[in-house]
Amino acid sequence: MRAFGTTIFAEMSALAAQTGSINLGQGFPDTDGPAGMLDRAVQAIGSGANQYPPGPGVPELRRAVAEHRADHYRLDYDPAREVLVTVGATEAIAASVLALCEPGDEVIAFEPYYDSYAASIALAQARLVPVTLRPVEGRFTFDPDELRAAVTPRTRAVLVNSPHNPTGTVFTREELEVVAELCRERDLIAITDEVYEHLTFDGVAHVPMATLPGMRERTVMISSAGKTFSVTGWKTGWVCAPAPLVTAVQTVKQFLTFTAGAPWQLAVAHGLRHELEWVSALRSGLQDKRDRLMEGLAAAGFEVLRPAGTYFVQTDIRPLGFTDGLELTRRLPELAGVVAIPTQVFYDRPERGRHYVRFAFCKKDEVIDEAAARLKRLSA
C-alpha cells in the first residue's frame, strides 16, 4: 500500500482548512438530511440501540433495502440471505473485491475512477485494467472495442460506477448492455457502485446493471445512504446479490468491521421507507446548484462538461492557460481562495486526465456564488 499514501481528498480538505478556502473538492453536503431520519437516529440512541447489531445488518434495514430494490427496480432480493449492510459503499467495494478476486486476477474499471477501487484491487493482489472514458458530444463514455480488448482469460470482474464519479456520466442502457454482454459471454462478475442512484438530472434515468437480462445472478449491487440522504458521515451502505456472492462478501466483511452502527441503520431504514419525497426535492435542488456552478465556472473561463448525475462538474482548464490540474489545484487557494480536485489522480494513466479539474456543487447557493466570484480572478 506504500504507493497509495494520503488520499487526494484528505490533502485538499486539509489545504482548504489551512488556507480558509472554499472547499469545492471533497463531495460532502453542507446541509443535513431529512429531519425525520435524523430524529430516528436520536431515538435509536436514546432507546438503547447502542450495542453490536447482527453482523449482516439490522433486519429492519435489510428488509427496507429489499423493499426499495423491488419498488424502484423490480428486483427481488431475500433480505435474510441476499442483503448485507456495510460500513459505507467503500467497505462494500473492498469486501467484494477481496472476496471474489484471487491474486493475479484482473478487474476492469473505467478511468477516471474513485480512488478506493485501485487500493481494494491492490489489497486483493489482483490487477486493475483501466478502460478510459473520453468526452464525446459533451459527455464521457467508453469505446466498446477498447472494453472488449481489455478482457483476457484472467479477467474476473468489471467494476461499474454509474452515476459515475468523477465525470458525472450516467451510463445509458445501451452502454450497460455492452458491459452485460461481455459479462455473460466471458463469465464475469459485475461489481456495481450505484451510490448516486437517486441523484440524476434532466430526466436521465439510472439503470441498474442487475436489471438487464442474465445479470442479476452475476451482479454485486452496491449503494449507500450517504449521498442519497446527505449523511455521508453515517457510513451506512449495503450489498445486494445472490446468496453465494453475499456469503462470500460477508465472510470478508466480518473481519474488516464485523458490523455497522445500529442507530444509523435503524434511521436509514426509516429513510428508505418514508423520506424519498425529501430525496426528490434534493435532486431538484442539486440540479439547480449544478447549473449555478456551471454558469459560474464558464464565466471564469473554464470549459465545462455537463454532468447527468452525482455531485460533480468536470472542467477543462486549458482555456485558462493551465495544463496540469494537480499543479493548479495546489495553487488554487492562493490564486482564488477555492479548493478543487485534480482529476488526473483518478487515472492509471494520469496524462489522459491532466487537463481536467473536478468541482463539487453539493453546497449552499451562497457558497457556490462566492466560489464562482473568486474563480473569476483566474481569467483576469
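Throughout, residues of each chain are indexed from 1 in the direction in which the sequence is written. A pLDDT threshold of at least 70 governs which residues receive local features in this predicted model, and a stricter bar of 80 or more applies before side-chain atom pairs are shown or counted, although totals over entire chains, interfaces and linings include all residues. Water and hydrogen atoms play no part in the side-chain values, which are based on all heavy atoms of the structure.

Q: How should I be thinking about the overall build of the chain in this particular structure?
A: Across its full length, the chain holds 12 helices and 15 strands. With the C-alpha coordinates of the chain rotated into their principal frame, the extents come out at 60 × 55 × 40 Å. The 380 residues of the chain split such that 58% are buried. Whether two residues touch is decided by their heavy atoms; if any such pair falls within 4.5 Å, the residues are in contact. Sequence-distant contacts, at least 24 apart, represent 76% of the contacts inside the chain between residues at least 6 apart. All accessible areas in this document rest on Shrake-Rupley with a 1.4 Å probe, and a residue is counted as covered only by the protein chains that are shown. Here the chain displays about 15,100 Å² of accessible surface, and carbon together with sulfur accounts for 50% of that area. When charges are tallied, Lys and Arg are placed among the positive residues and Asp and Glu among the negative ones, while His and the ends of the chain are skipped. For charged residues, the charge sits on one atom: NZ in Lys, CZ in Arg, CG in Asp, CD in Glu. Here the chain contributes 39 positively and 47 negatively charged side chains, and the mean placements of these two sets differ by 2 Å. Going along the chain from the N terminus, every DSSP run of H or I of four or more residues is numbered as a helix, and every run of E of two or more is numbered as a strand. Under the scheme applied here, a residue whose accessible area is under 20% of the maximum for its type counts as buried, over 50% as exposed, and between as partly exposed, the area being computed with a 1.4 Å probe on protein chains only.

Q: How should I be thinking about the side chain of Thr86 in this particular structure?
A: Mapped onto the elements of the fold, Thr86 is located in strand 2 (residues 83-86). What qualifies as a polar contact is a pair of N or O atoms within 3.5 Å, subject to a donor-acceptor requirement within protein and to the restriction that residues adjacent in sequence count only when both atoms come from side chains. In this structure the side chain of Thr86 is engaged in a polar contact, spanning 2.8 Å, whose partner is the backbone oxygen of Gly88.

Q: Quick question: what am I supposed to make of the nonpolar core here?
A: Most often, soluble globular proteins keep nonpolar side chains buried together rather than apart. Of all hydrophobic cores here, the largest spans 62 residues; its most connected members are Val220, Val239, Phe302, Phe359 and Leu375. Excluding anything up to four places from it in sequence, Val239 contacts Glu82, Val83, Leu84, Thr86, Ala92, Ser96, Val220, Met221, Ile222, Val246 and Val249. Side-chain atoms within 4.5 Å are what join buried Ala, Val, Leu, Ile, Met, Phe, Trp, Tyr and Cys residues into a set we call a nonpolar core. If you look at the next biggest cluster of nonpolar residues, it comprises 28 residues, including Val131, Phe142, Leu147 and Val207.

Q: Any chance you could explain helix 1 (residues 8-19) here in plain terms?
A: Given 3.6 residues per helical turn, the α-helix brings residues three or four places apart onto the same face. Spanning 12 residues, helix 1 covers 16 Å between terminal C-alpha atoms, matching the ideal 16 Å at 1.5 Å per step. Buried within helix 1 we find Ile8, Phe9, Met12, Ser13, Leu15 and Ala16. Buried positions in helix 1, seen along its axis, are confined to an arc of 155° and lie on one side of it. In helix 1, the exposed positions that point more than 90 degrees away from the buried face belong to Ala17 and Gln18. Where helix 1 is buried, its residues touch strand 1 (22-23), helix 11 (325-336), strand 13 (338-339), strand 14 (341-342) and strand 15 (356-360). At the exit of helix 1 stands Gly20, carrying a positive phi of roughly 70°. What a helix should span is 1.5 Å times the count of its residues minus one. When we speak of the arc, we mean the arc of directions from the helix axis to the C-beta atoms.

Q: How should unusual backbone geometry be read in this particular structure?
A: Trans peptide bonds make up most of the peptide bonds, and negative phi angles are found at most residues other than glycine. Following Glu111, the chain continues into Pro112 via a peptide bond in cis, with omega recorded as 5°. Geometrically, the link from Ser162 to Pro163 is a cis peptide bond, its omega value of -10° lying close to zero. With phi around 55°, Arg74 is a residue other than glycine that occupies positive phi space. Looking at the secondary structure, you find Arg74 in the loop between helix 3 (59-73) and strand 2. Using a relative accessible area of 80% as the deciding quantity, one classes Arg74 as exposed.

Q: Would you explain the packing of helix 1 against helix 11 in this entry?
A: Two packed helices can be described by the angle between their axes and the distance between those axes. The interhelical angle for the contact between helix 1 and helix 11, taken along N-to-C directions, is 25°, at an axis separation of 9 Å. One way to sum up the angle between helix 1 and helix 11 is to call them roughly parallel. Residues Ile8, Glu11, Met12, Leu15 and Thr19 of helix 1 pack against Leu326, Thr329, Arg330 and Pro333 of helix 11. Note on residue classes: Ala, Val, Leu, Ile, Met, Phe, Trp, Tyr, Cys and Pro are nonpolar, Asp, Glu, Lys and Arg are charged, and everything else, Gly too, is polar. For the contact of helix 1 with helix 11, a count of residues per class yields five nonpolar, two polar and two charged. Simply put, an axis is a line fit to the C-alpha atoms, just over the touching stretch for a helix, and the angle between two N-to-C directions goes from 0 to 180 degrees. Put simply, angles under 35 degrees are roughly parallel, angles over 145 are roughly antiparallel, angles from 65 to 115 are roughly perpendicular, and the rest are oblique.

Q: Could you clarify how one ought to interpret the sheet that holds strand 11 (residues 303-305) in this entry?
A: By definition, the strands of a sheet pair up through backbone hydrogen bonds, in either a parallel or an antiparallel sense. Pairing between strands is defined by DSSP: at least two bridges between the two strands are required. Taken in spatial order, the four strands of this open sheet run 11-12-15-14, and their pairing is antiparallel. The open sheet has two edge strands, strand 11 and strand 14, and neither has a second partner. Of the pairings in the sheet, the one linking strand 12 (residues 312-316) to strand 15 comprises five bridges and is antiparallel in character. Bridging across to strand 15, Phe312 finds its partner in Ala360.

Q: Help me understand the UniProt feature "domain: Aminotransferase class I/classII large" (unreviewed entry) in the chain in this model?
A: UniProt positions are given in the numbering used here, feature names are shortened, and annotations may be inferred rather than shown by experiment. UniProt's entry tags residues 22-375 with the feature "domain: Aminotransferase class I/classII large" (unreviewed entry), counted in the numbering of this structure. The span residues 22-375 is 40% helix and 18% strand, and its two end C-alpha atoms sit 11 Å from each other.

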